[in-house]
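A closer look at the structure
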4 protein chains.
Amino acid sequence: MDVAIIGGTGYGAVELIRFLHNHPHVQVTKIISHSNSGTDLSEVYPHLTEIIDLEMTPLNVDELAKEVELVFFATPSNVSKHYIPSLMDKGVRCIDLSGDFRLRDGEIYQTYYGEEMATQRYIDQAVYGLPEINKEKIKQASILANPGCYPTATTLGLLPVLENDLVDNSSIIIDAKTGTSGAGRGLSLNVHFSEMNENFKAYKLGVHKHIPEIEQLLTERAKEEIQVTFTPHIVPMTRGIMSTIYVDLKDKQSTDYLIDVYQNYYKNDPFVRVRRNGTIPSTREVYGSNYCDIGLYADERTGKLIIVSVIDNLVKGASGQAVQNMNIMCGWDETTGINQLPIYP
Amino acid sequence: MDVAIIGGTGYGAVELIRFLHNHPHVQVTKIISHSNSGTDLSEVYPHLTEIIDLEMTPLNVDELAKEVELVFFATPSNVSKHYIPSLMDKGVRCIDLSGDFRLRDGEIYQTYYGEEMATQRYIDQAVYGLPEINKEKIKQASILANPGCYPTATTLGLLPVLENDLVDNSSIIIDAKTGTSGAGRGLSLNVHFSEMNENFKAYKLGVHKHIPEIEQLLTERAKEEIQVTFTPHIVPMTRGIMSTIYVDLKDKQSTDYLIDVYQNYYKNDPFVRVRRNGTIPSTREVYGSNYCDIGLYADERTGKLIIVSVIDNLVKGASGQAVQNMNIMCGWDETTGINQLPIYP
Amino acid sequence: MDVAIIGGTGYGAVELIRFLHNHPHVQVTKIISHSNSGTDLSEVYPHLTEIIDLEMTPLNVDELAKEVELVFFATPSNVSKHYIPSLMDKGVRCIDLSGDFRLRDGEIYQTYYGEEMATQRYIDQAVYGLPEINKEKIKQASILANPGCYPTATTLGLLPVLENDLVDNSSIIIDAKTGTSGAGRGLSLNVHFSEMNENFKAYKLGVHKHIPEIEQLLTERAKEEIQVTFTPHIVPMTRGIMSTIYVDLKDKQSTDYLIDVYQNYYKNDPFVRVRRNGTIPSTREVYGSNYCDIGLYADERTGKLIIVSVIDNLVKGASGQAVQNMNIMCGWDETTGINQLPIYP
Amino acid sequence: MDVAIIGGTGYGAVELIRFLHNHPHVQVTKIISHSNSGTDLSEVYPHLTEIIDLEMTPLNVDELAKEVELVFFATPSNVSKHYIPSLMDKGVRCIDLSGDFRLRDGEIYQTYYGEEMATQRYIDQAVYGLPEINKEKIKQASILANPGCYPTATTLGLLPVLENDLVDNSSIIIDAKTGTSGAGRGLSLNVHFSEMNENFKAYKLGVHKHIPEIEQLLTERAKEEIQVTFTPHIVPMTRGIMSTIYVDLKDKQSTDYLIDVYQNYYKNDPFVRVRRNGTIPSTREVYGSNYCDIGLYADERTGKLIIVSVIDNLVKGASGQAVQNMNIMCGWDETTGINQLPIYP
């Protein structure tokens, strides 16, 4: 199957290429970049020298629709919404790694993304691509809204207790930490090496655009309005997200019992690993892989459950999950092409 | 004034030496190390070559009492309790950077430190050396229990709202992050470079020995029993602590109002800087200095206050604060010898 | 084909497991560890949870010879020499990632490895596994001495000019830099995070055990005695080696000409990439992959050629190359199971 | 004494402020920034909150000449040359941290700096501010050309053997490594965190502008034309430079003898520490301090001397040395305000 990637110079694109290169059913035949059209990909990313021999091209929707069956958008916010509708109308399936098709409420979108949302009727078609809860819908999707990195780690950490009605839904606090690659390849003082090295920062308190995405999904699944307190931080490392989540347990529960609940919830999900009692996953333990690892600790003194959920932000938090979604959409085994082990150390 | 440092090969000792070397009223005349007695300090720490020319010696309490007026203990847990009583009896003032004299409850000490506490009558003499709240008692102290690193960052972040009765005291969640130097110079897989680099870990959930220290102080100041949820993490950096603290506000309050409360609370404290609305401190901004910087964000949606408090764990969280306490004990200006600027970048 | 790995708790072993897990022709059926026998591998390496379900066992040569066809030794120095002879005698092929079978001169081995060399007749059987020069011999090898990390990067950088007689062979200076994983998982102050982070060190000047390995190979290929100046350094990163090599050109040569020489030399080698004029590879560009990337700069002012050669020390410098050698020994395509792209960023 | 700093938002300026803040004879009364005039310094550098209360102003040479006695230029290349002449004419002493007044040959300047050099008669007035060799001239200087970071580490490493005629002057190879702060605060992909972290790079082979600066000084001191091979690399750390230097010894010499030569050469220089035989300095051992530490190893096998010279690029390689030069110019003790110990760890 021929596919295209739009947004060829970003980390999302380059990580897609890593997984798709060894994928048995797919070949990337087009890499589209506005800013670098005409340039060989390996000039922008020399690690692809002698591996990928493609020149980046500008976007031409009509042409594209004839050439490929599926398109990945690895673009910044507020780009894909302009192109996905016409691609869909021409029968091309689209997997969008940006946030353009994740939210359903235009007003909230406007608040957090600063522009108007995509046309409602395309939003209505979009399927939120968290395979652990949405597999059936994903199979049929023409527009796949690939989840954000923080929402992936966070909701996978919360869904089992939420859906089993074990916690006070008004008590959710998410203290999240990310490596710098989440900020992309665009330059900023925030992730300038001399400023970020040997440093740890909190940022965007209360205004991060992943807040409404997390709340929308939790609300849908809990069937009641949920608001969360969410504080993102940047860690001096390139890859990895940890969400440390605090919730009030409705009743006293042992860590062992809760681990059972989680393992049961994810028993058919190859990429979620619930850790045994006493081990809490670190981000390195999923590095480069599509796993989401979850550790639990029920604090008997305070009645709180502490959930630690880790992913590689560029894999399960972006491109790996996008390939997982493509596999499901195409009826292939979910793990095809993304069953690499974590790289350790 | 002649002083001694016990525990000469640890990071606490070497950081004390950095500050005391340029201190106008003090000279370090003895460095005591059990494991390295007979060795020149600069052999163990080559960065002190041609600066410090002292051979480490074994501990002899009687001799020590004749030679110095004040002793710093930069020793592991459960060491200083064996020596401080007799030093105190001989009229030597002691500043203990370890946890031996911080807790008042022998049972709790036993639980978290794994051994018996020091004799109660010496515990009763010990003053908890957080200068921002205890200055008068510190002046008179013969045994000064220098606070732990996490408790310093955390309680300085919480005291203003606690003492002004602005928050629900049962709601306190502390998500804390430290650099690796907090684990000391002792070798462990946990802080082996290849394991810790490009990694982020949670550890000791629910069992860290700083939990009772934080609770004891908060309970004392709030005049009601307080329990906290506390999760420490390790960041791939050497220095720095951030405590991100979540509390429920009793009433809706603006960030601006709360900043006023904090600035007022710390108006006489040269080492606490409450940041203006919109800036949240990062750990790098206090690197190498004795500052504790605090940023606030009142989340109107959820009614929670998010407090971000940062220190350099080896300075305000250990040796810098020890020098600050010595200054107060000796009647010198609190900032003497520790008024270096943060190193940036 | 069933294979065993000996030295199950080291980084070499865990990296072998990463590559062999997805290898189509091989399965790891035994992981042998002296220090951890009886323990599940995933307890020591939690990133392998739910992926590898093997208990480590002690070494029993007789049993092993019945169970597997090939054994990887990922052991410290001076271990494999005790076991490989009898395994070979029992018809088991051995790939040794340690240095025990690399040198041919017992006296030099004694000087650099501090013990006696393996029995000469087994040494004589051992093939030095640098596929780019030894493919034919590797096919027949029963004992395969997998090259060291520095020698791999360095000799691949030097062979084309040496064999084409373009440089003064007495002028070779190698300034080498490695990530910390080369030092293994064993604890030492040298790679303690707080000491190695934000630090850069030279070490083992003039005495590193890779010096005779480099000299032996260069001498063999140049057909004259070669001595090199070799200075290793440690970089605050986990993976990656760069050898910056300085040689005097016999005659003035342009960078372009020399690049041609190199590209020609490696035209049949899938894992060596000679970069075009103007790009010098960085270690990140081969991260996690089996590539060796080489950049050249002929300094017209000084008549020197500067060669920059980079590898991932755990892949092309150890386990990836070991799999490459196994592929050749077994008649499979050289790239089987190790054709992953570099991970970037 | 009132001084001004021009280039207020760069790392050179902020490091000057760190040292000058505690300097007993100097106060910084003006901080000049073209790009940020009108902004408080602590807005751009929040770590200075409550410490430095100065608004940055635009440059007005006439006014400045009336207000301060000495000006530090911490500006990019090709800026100071436009202002220093008129300041000098008005009697203001200038210390230039940029390269504008370091080279004496206009043609070479043009080649490496891409613009015309400053007027020759001001160049003739400029004193090259390496205190270890130029103390007498520095005392009289009106224009002080503060050395570059690489040239400081490199020439201090080479001068003793050069001036004692112990080495073949045509054999000098300098393999240099720097932390990222040498690249300044300006954004570039090269020092973007996600690209530079867990990476090691060579750059600017053969074209770095510090090459002519090193050669000019060495040529002057050796009294014969010297050319060097110089390869700079970037290390994933913020601060620190190591120059590993290779030279051919004219005659066989022991490491001990050479250490004597070096210790004798620097016996009156408080900031150069020649290490005893067997210890090679790492960059961390001078972190944050004005020391240059030198380690030596004479390789008896190859007849080469390996010199390892380390500095903190922002201190001895820039602002610390600038303060040292100011001290000498003003007749104060050379170490005033810059006698801080290295920060370790």
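Rules used throughout
Residues numbered from 1 in each chain as written. Chains lettered and ligands numbered in written order. Predicted model: local features only at pLDDT ≥ 70, side-chain atom pairs only at ≥ 80, totals over all residues. Heavy atoms only, no water. Contact = heavy atoms within 4.5 Å. Buried area = accessible area lost by both parts, 1.4 Å probe. Salt bridge = Lys/Arg side-chain N within 4 Å of Asp/Glu carboxyl O. Polar contact = N/O pair within 3.5 Å; in protein donor to acceptor, adjacent residues only side chain to side chain. UniProt positions renumbered as here; feature names shortened; annotations may be inferred. Helix = DSSP H or I, 4+ residues; strand = E, 2+ residues; numbered from the N terminus. Axes fitted to C-alpha atoms, helices over the stretch in contact; angles between N-to-C directions. Parallel < 35°, antiparallel > 145°, perpendicular 65-115°, else oblique. Left-handed = near helix turned anticlockwise from the far one by under 90°. Nonpolar A, V, L, I, M, F, W, Y, C, P; charged D, E, K, R; others polar. Patch = residues over 30% accessible without salt bridge, like charges linked within 9 Å, V, L, I, M, F, W, Y side chains within 5 Å. Areas by Shrake-Rupley, 256 points an atom, 1.4 Å probe, with all protein chains shown as cover. Domains from an automatic or database assignment. Lys, Arg positive; Asp, Glu negative; His and termini not counted. Charge placed at Lys NZ, Arg CZ, Asp CG, Glu CD. Buried < 20%, exposed > 50% of the residue type's maximum accessible area, 1.4 Å probe, protein only. Pairing = 2+ DSSP bridges. Right-handed = clockwise from strand over helix to strand, strands pointing away.

This part is about the interface of chain D and chain A. Counting residues at the interface gives 19 residues for chain D and 19 residues for chain A. For the chain D and chain A pair, buried surface summed over both sides reaches about 1,700 Å², with 54% attributable to carbon and sulfur atoms. Contact with chain A buries surface across chain D, with L187, H192 and F193 of chain D losing the most and accounting together for 38% of the total. For the pair chain D and chain A, the number of links is two salt bridges. Between R185 of chain D and E195 of chain A there is a salt bridge; the shortest N-O distance is 2.7 Å. Linking chain D with chain A are 14 residue pairs in polar contact (both at pLDDT 80 or more).

Summarizing the sequence annotation, UniProt attributes the feature "domain: Semialdehyde dehydrogenase NAD-binding" (unreviewed entry) to residues 2–141 of chain A in the numbering used throughout. End C-alpha atoms of residues 2–141 of chain A are separated by 18 Å, and the span's content is 37% helix alongside 15% strand.

All names here are of chain C. The contact between helix 1 (residues 11–21) and helix 12 (residues 315–329) brings their axes to 9 Å, and the two run at 45°. If you check the angle between helix 1 and helix 12, you find them oblique. The crossing of helix 1 and helix 12 is right-handed. Across the interface between the two elements, G12, E15, L16, R18, F19 and L20 from helix 1 touch V315, S319, G320, A322, V323 and M326 from helix 12. Here the contact of helix 1 with helix 12 is built from residues that sort into seven nonpolar, three polar and two charged.

As a further point, take the interface of chain A and chain B. Taken residue by residue, the interface counts 44 residues in chain A and 44 residues in chain B. Summed over both partners, the interface of chain A with chain B buries about 3,900 Å², with 55% contributed by carbon and sulfur atoms. Interface area lost by chain A to chain B is led by E198, F200 and R301 of chain A, which between them contribute 20%. At the junction of chain A with chain B, the criterion picks out four salt bridges. Between K177 of chain A and D175 of chain B there is a salt bridge, and its shortest N-O distance comes to 3.0 Å. For the pair chain A and chain B, the number of links is 28 residue pairs in polar contact (both at pLDDT 80 or more). Those elements that provide at least two residues to the side of chain A that touches chain B are strand 7 (173–178), helix 9 (193–196), strand 8 (201–202), helix 10 (210–222), strand 9 (229–234), strand 10 (241–248), strand 12 (292–299) and strand 13 (304–311) of chain A.

Turning next to a nonpolar patch on the surface. The grouping of L187 and L189 of chain A together with L187 and L189 of chain D at the surface amounts to a nonpolar patch, some 300 Å² of accessible area in total. Position of L189 of chain D relative to the elements: it lies in the loop between strand 7 (173–178) and helix 9 (193–196).

It is worth spelling out the UniProt feature "active site" (unreviewed entry) in chain A at this point. Residue and element names in this part refer to chain A. Under the UniProt annotation, "active site" (unreviewed entry) lies at C149. Position of C149 among the secondary structure elements: in helix 8 (residues 149–163). If sequence neighbours within four positions are ignored, C149 has contacts with H210, I241, I311, N313 and G317.

The next thing to look at is the domain arrangement of chain A. Residue and element names in this part refer to chain A. Along its sequence, chain A is carved into domain 1 (2–125) and domain 2 (150–313). Look at where the C-alpha atoms of domain 1 and domain 2 centre, and you get two points 27 Å apart. Counting from both sides, the interface comprises 14 residues of domain 1 and, opposite them, 15 residues of domain 2. The contact between domain 1 and domain 2 buries some 1,200 Å² in all, and 49% of this surface belongs to carbon and sulfur atoms. On the domain 1 side of the contact with domain 2, Y11, R102 and Y112 bury the most area, a combined 47% of that side's loss. The tally of links between domain 1 and domain 2 comes to two salt bridges.

Turning our eyes to something else, we now look at a negative patch on the surface. All names here are of chain A. A cluster of acidic side chains, namely D40, E43, D53 and E55, defines a negative patch on the protein surface. Here D53 shows up in the loop between helix 2 (41–44) and helix 3 (61–67). D53 sits in the exposed class, given a relative accessible area of 71%.

Once that is clear, we can look at the pairing of strand 4 (residues 93–96) of chain D. All names here are of chain D. Bridge analysis of strand 3 (residues 70–73) against strand 4 gives four bridges, and the strand direction is parallel. Looking across to strand 4, one finds that L70 is bridged to R93. Taking the sense of rotation as the criterion, the β-α-β connection linking strand 3, helix 4 (residues 84–89) and strand 4 turns out right-handed. In the sheet, strand 4 pairs with strand 6 (residues 143–145) via three bridges, with the strands oriented parallel. Directly across from C94, in strand 6, lies its bridge partner I143.

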